[in-house]
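Results of the structural survey
One-letter residues, chain by chain:
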Amino acid sequence: MGRRGGLGRAGPRLPSALTVGVARRGCGIGRAAEAGCCRAMSSAERPKQPLSAYFRFLRDNQPAFRQQNPELNSLELVKKLAGVWRELPASQKQVYEEARKTDWRKYEEQLAAYKAQLTPAQAAALKEERRKRLAKRRSFRIKRELTVLGKPKRPRSGFNIFVSENFQQSKGLSPTAKLKQLFETWQNLSSSQKQPYLQLAQDDKVRYQNEMKSWEAKMVELGREDLIRSREQRPKKKTDTAQEGSKASLRESLAKLKLKKSEE
């Protein structure tokens, strides 16, 4: 197998019979009633919150602005509209705000009627569904923030490297079939055959540790000690003089960062 390919750093996850079985069982009351049960307990029928005044303005004006500015991409168009909104007189903004209030009163009535028809079990299920959805959003925001802050990518395992180098050449009609075939091949490799991949994984681990030390030091300078992995890896307390110097340096760094953002 050639040393080419392109799988991500995260290890592949093969589907299991247990996972498939749980997905098929759904609500756990038989296939005939499964669809109805899940639909009744889904949040899809929950009334949607009305748009804010700003998003109403975007919705109403984006088509015309796009026609007038065909050279702008979507991001540039939204920035242009945001600038127009900021300069909009309060009397014109009030029109959108009044429409939001009217729709909000209707929303509250619809929401009350929706909640009243739920059984205690359905209400509990919807609450859990919402909790999971919010947790997923928080996780996404955290990952996006870490990407923006340049957090180093986690090290790959020997198997991950083996897969990335041989994925394109492996047999299989689907990605899942390819991963299964590569997993079986990896299991049958001898220790000597696995050794090059394990050595690359060890090198990648060293790379990750070195990059993380530099990245965490940078986070300390930015006042983001909350992103450091553990207390043991956080810098030890300095003397009062050193602490004052560090705080002054931090204030200076933050001021430079704010200035750079305002210039952008």
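Residues numbered from 1 in each chain as written. Predicted model: local features only at pLDDT ≥ 70, side-chain atom pairs only at ≥ 80, totals over all residues. Heavy atoms only, no water.

Under the annotation held in an unreviewed UniProt entry, the protein chain carries the name Transcription factor A, mitochondrial and is attributed to Gallus gallus.

Regarding helix α6 (residues 120-148)
Cut-off, in case you're wondering: We count a stretch as a helix when DSSP gives it H or I for four or more residues in a row; a strand needs E for two or more, and each element gets its number in order from the N terminus. Expected helix span is taken as 1.5 Å per residue step, with the number of steps being one fewer than the number of residues. The rule is simple: take the accessible area with a 1.4 Å probe, protein chains only, and divide by the maximum for that residue type; under 20% is buried, over 50% is exposed, in between is partly exposed.
Between its first and last C-alpha, α6 extends 42 Å over 29 residues, near the 42 Å set by a 1.5 Å rise per residue. Three or more residues of α6 are buried, namely Q122, L126 and L146. In the segment just after α6, G150 is the residue with positive phi, at about 75 degrees.

Focus on helix α3 (residues 53-68)
Going by this rule: Two axes define the bend at a residue: one fitted to the seven residues ending there, one fitted to the seven starting there, and the bend is the angle between them. In this analysis, two residues are considered to be in contact whenever any of their non-hydrogen atoms come within 4.5 Å of each other.
In a regular helix each residue adds 1.5 Å, so 16 residues correspond to 22 Å; α3 covers 23 Å between its end C-alpha atoms and thus fits that length. Along α3, the helix axis deviates most sharply at N61, where the bend reaches about 45 degrees; the proline P63 sits within four residues downstream. Of all the residues in α3, the buried ones are A53, R56, F57, L58, N61 and F65. Taken together, the buried residues of α3 touch α4 (74-87) and α5 (90-116).

Remarks on the pattern of salt bridges
We apply this condition: A side-chain nitrogen of Lys or Arg and a carboxyl oxygen of Asp or Glu constitute a salt bridge if their distance falls within 4 Å.
This structure, assessed with the given rule, holds 8 salt bridges. Here R56 ties to D103 by a salt bridge, and the two come within 2.7 Å at their closest N and O atoms. With R56 in helix α3 and D103 in helix α5, this residue pair connects regions lying 47 residues apart in the sequence. Members of the salt-bridge network, linked through shared partners, are E145, R224 and D226.

Regarding the packing of aromatic side chains
Under the convention used in this document: Pairs were defined over the aromatic rings of Phe, Tyr and Trp, the Trp ring being its six-membered one, requiring ring centres within 6.5 Å. Orientation was assigned from the angle between planes: stacked under 30 degrees, edge-to-face over 60, tilted for the rest.
For the structure shown, the criterion picks out 11 aromatic pairs. Both rings, one in F57 and one in W85, keep their centres 5.2 Å apart while their planes meet at 50 degrees; by these two values the pair is tilted. Note that F57 is positioned in helix α3 and W85 in helix α4, a separation of 28 residues in sequence. With a relative accessible area of 3%, F57 lands in the buried category. By relative accessible area, which is 14% here, W85 ends up buried. Taking the centre distance of 5.8 Å and the plane angle of 55 degrees together, the rings of F159 and W186 count as tilted. Residue F159 is found in helix α7 (residues 158-166), and its partner W186 is found in helix α8 (residues 175-188); the two are separated by 27 residues along the sequence.

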